[in-house]
Amino acid sequence: MELPDVVAKLMEIHHHDQRESGQDDANKVTPSCCPLTDLKGFDSLLIPSIIRRLARELGHPLPKGTRVKNIYCAPDGRKKLTIREIAKRFVPTYAP
């Protein structure tokens, strides 16, 4: 699993979700977008389902019972991350 593929799929998922929820900021979904601050209607409660969907759509679904970590924030929990940074955390955490 390559980082550019994860970035592209994560952008696709967020873009789709923004359109489906009727938000007008779907065009803000870029690698430098920070979903927790830049996307209306997105909050931390959606993170587990997004991570599971990302893994599934990349062809490597998470096993049942896998505890999903909040990779949308830096390890210290203070900085909210961009899509590119989230993908960089996803690869070592969930990629096979």
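Residues numbered from 1 in each chain as written. Predicted model: local features only at pLDDT ≥ 70, side-chain atom pairs only at ≥ 80, totals over all residues. Heavy atoms only, no water.

Caption draft 1: Looking closely at the packing of helix α1 (residues 3-20) against helix α3 (residues 47-57). At a minimum axis separation of 10 Å, α1 and α3 run at an interaxial angle of 125°. On the basis of the axis angle, α1 is oblique to α3. When the axes of α1 and α3 are compared, the crossing they make is right-handed. Contacts between α1 and α3 pair Val6, Lys9, Leu10, Glu12, Ile13, His14, His16 and Asp17 from the former with Ile50, Arg53, Leu54 and Glu57 from the latter. Partitioned by chemical class, the residues of the contact of α1 with α3 number 5 nonpolar, 2 polar and 5 charged. (Axes fitted to C-alpha atoms, helices over the stretch in contact; angles between N-to-C directions. Helix = DSSP H or I, 4+ residues; strand = E, 2+ residues; numbered from the N terminus. Parallel < 35°, antiparallel > 145°, perpendicular 65-115°, else oblique. Left-handed = near helix turned anticlockwise from the far one by under 90°. Contact = heavy atoms within 4.5 Å. Nonpolar A, V, L, I, M, F, W, Y, C, P; charged D, E, K, R; others polar.)

Read these as geometric descriptors, not functional statements.
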